[in-house]
Amino acid sequence: MQLVLEKRAERSTKIAILSPLLAIALTLVTMSVLFAILGKNPATALYVYFIEPLTDSFTLMEIAVKATPLVMIAIGLSLCYLANVWNIGAEGQFIMGAVCGSYLAVVTNGTDAGPWVLPAMLLMGAAGGALWAMIPALCKVRYGANEILTSLMLVYVADLIMDYLVRGPWRDPKGMNFPTTASFDPVATVPALFETGRIHWGALAALIVVALATVMLGRTIKGFEIRVVGAAPRAARFAGFNSKRLVLFTFAVSGALAGLAGIIEVAGPVGVLQPGISPGYGFTAIIVAFLGRLNPVGILIAGLFLALTFIGGEGAQISMKIPLDLTKVFQGILLFYVLACDSLILYRIRLIASPKKASHGIA
Amino acid sequence: MKKLMMTAAAAALAIVATGFSANAAEKLKIGFIYLGPVGDLGWTYMHEVGRQALVKELGDKIETTYLENVSEGPDSERSIEQLARTGHQLIFTTSFGYMDPTLKVAKKYPKIKFEHATGFKRAPNMGTYSGKFYEGRYIQGVIAGKMSKKGVLGYIASFPIPEVISGINATILGAQTVNPDIKLKVIWVNTWFDPGKEADAAKALADQGADVIMQHTDSPAAMQVAAQRGIFAFGQDSDMIKFGPKTQLTSIVNNWGPYYIRAAKAALDGSWKAGDTWDGLKEKMVLMAPYTNMPDDVKALAQKTEAAIVAGTLHPFKCPVLGQDGKAVECKGGANLDPGQILGMNFYVKGVDDKIPGK
């Protein structure tokens, strides 16, 4: 008897849909075991993680606040990844978006600038992110530089640029030298949706982005082009699609979305530009993009789910004294199972009696 | 059908959950927000030690919760509010960067008591507390001035906020009392906790000739580098002697426990008021770890200095304090700089070989 991974003749659509669910189920089982080892009741722990945050308007809104940047960035990244373009530097584009947009908030701070400030900030944020993404894109199409490395390295450059600005020229004169800008004026702030709670108009913007991406990928030539270039570059060349231009396009769109997410985050929940505006959103969004199967609606669900694990993890820290590290373990396990289950889309597991018959399989 | 089953499952779980939280209802719930991991052996660790002291003292009347690794960005407001919403009546937020988020949540929950460490914004239900760490720095300066053979001290600094700058100034003022020509080199690492960066900074300072290393960052990494190089170092926040048994001269120990106990008792008997607490060696919020790895005369000098600060006969910022340009700084406190000048310190004293970043 032998366990063999056998290549499927074609992708299994059924498994493609089932795989993330299977991954989540396996994660829950593993987590239950971990909770039990820690001496916590697994049922209570899973309730605190996954159900309790959904039973309260405050935590529901906080999930939306947390998911907003993740979904926006992940949508942009999914376009890149579908086209076989590997933008790993969304974190940097997020930061540069925040920086470029914040420029207006800083210079108009304390003046009686009109309501044009916020829209202009959002535009500048998107432009900043897109321009930052253009650097690795141009390096790739012009010089053949590996965009994985260049986009990743530019994250640290962006971080240091922001660092310099908030420690130097943009520092709040009344902030006791703390590295932060002055609090943004109301005209430079993304308004909250309701009287109470922190959910803001950015959450709606994220939903609009999801809708637009769905339409673009499903109903436009551009969406078709992205898929063809990603799946079959040679066929795309015969069809007359210009893959270099597509690199620029996908980088620009994903950079703009990351930049927009950055300025919305800074002008929304944060209210100032300061180091630490992103707890790794640009990187977590990569997980979200793949967890959502590079599909806009899938990404929306994945983003909300990941946000749920953050908020639920915090609740577990408070009510059950479950350490924060377990939330991180949890996210790691989830990604592990997602990738593991994905292999079932292309391969099937078979039990084979004698090794000789397995000559076609990949053991 | 599936939906029905899920609802039933959720309801069953809900029953389990309520059963779990019911028995702890009458105790005063106290929450802590920590910047780093509880195992950083520095700033957060010492707040955790303070929390444990509180539990030990009042464990039958209180229940505590902490959230660790809470970044000072948008997450902190939610974390603080989560504590406020889950029945915590007294909440300690233990880093400067939580100031505005704490204030926001405090305004929203006027009945809950908030205590913010090291900040300057207050509200009727939000007090502040901090230690006069510069007193310990001054003693370290005296020791370092005596112990440095090359006359060069290395200082790993985090952020150019007044607390850090007053620490640098107190150090060199102390060192100048025993060696007027002492030099102090500063490296800004722009982080409170990053063992890699802290170690790199310690190496760079040692390469520049510093033979006593001190830090305003939280990990013991610099101590370990100093031990490898065979030079001296001071611990930070906690006694770090086990990371450098032959290296550590002393360490400033942040002793929050007594304050947490005081505040919790006040909250329990209803006498709590939002205050502005700033305690030092005298009140034992700041302690010095044992003086080690130094000759007896240096040890005696250090003890004498400590005793004089406790007795109030010695003030690290005794006027005249000379600025970097050699001119005396305006002295608003009579004999010494006044508390506001120390808490808002934004200038170097004479002898610091550095420029305040961004100034």
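**Overview of the overall build of chain B**
A tally of regular secondary structure across chain B gives 11 helices and 13 strands. Taken against the 2.2 N^0.38 rule, which gives 21 Å for 359 residues, the C-alpha radius of gyration of chain B at 22 Å falls within 12% of a compact globule. Here chain B holds 359 residues, and the buried ones make up 51% of them.

**Quick notes on helix α10 (residues 243–270) of chain A**
Taking 1.5 Å per residue as the helical rise, α10 of chain A with its 28 residues ought to reach 40 Å, and the 38 Å between its terminal C-alpha atoms agrees with that figure. Where α10 of chain A terminates, the next one or two residues include Gly 271 of chain A, which has phi positive at roughly 85 degrees.

**Overview of the pairing of strand β9 (residues 232–235) of chain B**
Residues and elements named next belong to chain B. Of the two faces of β9, both are covered, the one formed by Phe 232 and Phe 234 as well as the one formed by Ala 233 and Gly 235. The pairing of strand β8 (residues 212–215) with β9 spans 2 bridges and is parallel. Paired with Val 212 across the two strands is Phe 232, which belongs to β9. In the classification by handedness, the crossover that spans β8, the intervening helix α8 (residues 221–229) and the parallel β9 is right-handed. Here β9 pairs with strand β10 (residues 248–254) via 2 bridges, running parallel. If you follow Gly 235 over to β10, its bridge partner there is Ser 251.

**Regarding the sheet that holds strand β6 (residues 152–157) of chain B**
All names here are of chain B. Strand order in the open sheet made by the 7 strands is β12-β10-β9-β8-β6-β7-β13, with mixed pairing throughout. Strands at the two margins of the open sheet, each flanked by one partner only, are β12 (286–288) and β13 (352–353). Two strands pair when backbone bridges link them, and β6 and β8 are joined in this way by 4 bridges, in the parallel orientation. Residue pairing across strands places Ile 156 opposite Gln 215, the latter belonging to β8.

**Details of the nonpolar core**
Counting 109 residues, the largest nonpolar core has Val 71 and Ile 73 of chain A as its most contacted members. For this core, the leading source of residues is helix α3 (residues 57–82) of chain A, giving 16 residues. The contact partners of Val 71 of chain A, leaving out residues within four places of it in the chain, are Ala 206, Val 210, Val 288, Ile 299, Leu 300 and Gly 303 of chain A. In this structure, Leu 90, Val 189, Val 253 and Ala 264 of chain B belong to the second largest nonpolar core, which totals 102 residues.

**Remarks on the interface of chain A and chain B**
Counting residues at the interface gives 28 residues for chain A, matched by 32 residues for chain B. When residues of the side of chain A that touches chain B are traced back to their parent elements, those giving at least two are α2 (42–51), α3, α6 (147–167), α10 and α12 (296–320) of chain A. The element best represented in the side of chain A that touches chain B is α2 of chain A, accounting for 5 residues. Looking at side-chain class alone, the side of chain A that touches chain B contains 14 nonpolar, 7 polar and 7 charged residues.

**As for the environment of Lys 29 of chain B**
Residues and elements named next belong to chain B. One can find Lys 29 in strand β1 (residues 28–33). Between the C-alpha atom of Lys 29 and that of Asp 200, which follows or precedes it by 171 residues, the distance is 41 Å. Not counting residues within four places of it along the chain, the set of residues in contact with Lys 29 comprises Glu 63, Thr 65, Gly 87, His 88 and Gln 89.

**Some details on the environment of Ile 263 of chain A**
Residues and elements named next belong to chain A. Following the sequence through the fold, Ile 263 ends up in helix α10. Residue Ile 263 is classed as buried on the basis of its 33 C-beta neighbours within 10 Å. Each C-alpha atom, one on Ile 263 and one on Val 190, is 9.3 Å from the other, the two residues being 73 residues apart in sequence. If we ignore the near neighbours within four places in the chain, the residues touching Ile 263 are Gly 97, Ala 98, Gly 101, Met 121, Leu 122 and Gly 125.

**Examining the sheet that holds strand β2 (residues 62–67) of chain B**
Residue and element names in this part refer to chain B. The parallel open sheet is built from 6 strands, whose spatial order is β2-β1-β3-β4-β5-β11. The sheet is open, and its two edges are formed by β2 and β11 (276–279), each paired on a single side. Adjacent strand axes in the sheet meet at a mean angle of 15 degrees, parallel and antiparallel pairs treated alike. Bridge count for strand β3 (residues 90–93) against strand β4 (residues 113–117) is 4 bridges, and the pairing is parallel. The residue of β4 that forms the bridge with Leu 90 is Lys 113. Across the sheet, helix α4 (residues 99–108) is in contact with β3, β4 and β5 (126–131); its angle to β4 comes to roughly 170 degrees.

Conventions used here
- For every chain, the first residue of its written sequence is number 1, and the numbers climb from 1 along that sequence.
- Whichever chain is written first becomes A and whichever ligand is written first becomes 1, with later ones labelled in order.
- In keeping with the predicted nature of the model, local features appear solely for residues at pLDDT of at least 70, side-chain atom pairs appear and are counted solely at 80 or more, and the whole-chain, interface and lining totals rest on all residues.
- Here a helix means four or more residues in a row that DSSP labels H or I, a strand means two or more in a row labelled E, and each is numbered from the N terminus.
- Atoms considered for the radius of gyration are the C-alpha atoms alone. The globule rule reads 2.2 Å times the number of residues to the power 0.38.
- Residues with at least 20 other C-beta atoms within 10 Å of their own are called buried, those with 12 or fewer are called exposed, and the rest are partly exposed. The C-beta atoms themselves are positioned from the backbone.
- Take the number of residues in a helix, subtract one, and multiply by 1.5 Å to get its expected span.
- Should DSSP find at least two bridges between two strands, the strands are regarded as paired.
- Assignment of crossover handedness uses the view with strands pointing away from the viewer, where a clockwise path from the first strand over the helix to the second indicates a right-handed crossover.
- Nonpolar cores are built from buried Ala, Val, Leu, Ile, Met, Phe, Trp, Tyr and Cys residues. These are joined into a set through C-beta atoms within 7 Å.
- Contact between residues is assigned whenever the C-beta positions, reconstructed from backbone atoms, fall within 7 Å.
- Residues are grouped as follows: Ala, Val, Leu, Ile, Met, Phe, Trp, Tyr, Cys and Pro are nonpolar; Asp, Glu, Lys and Arg are charged; all remaining types, including Gly, are polar.
- For helices, the fitted axis covers only the stretch in contact; all axes are lines through C-alpha atoms, and the angles between them, taken along N-to-C directions, range from 0 to 180 degrees.

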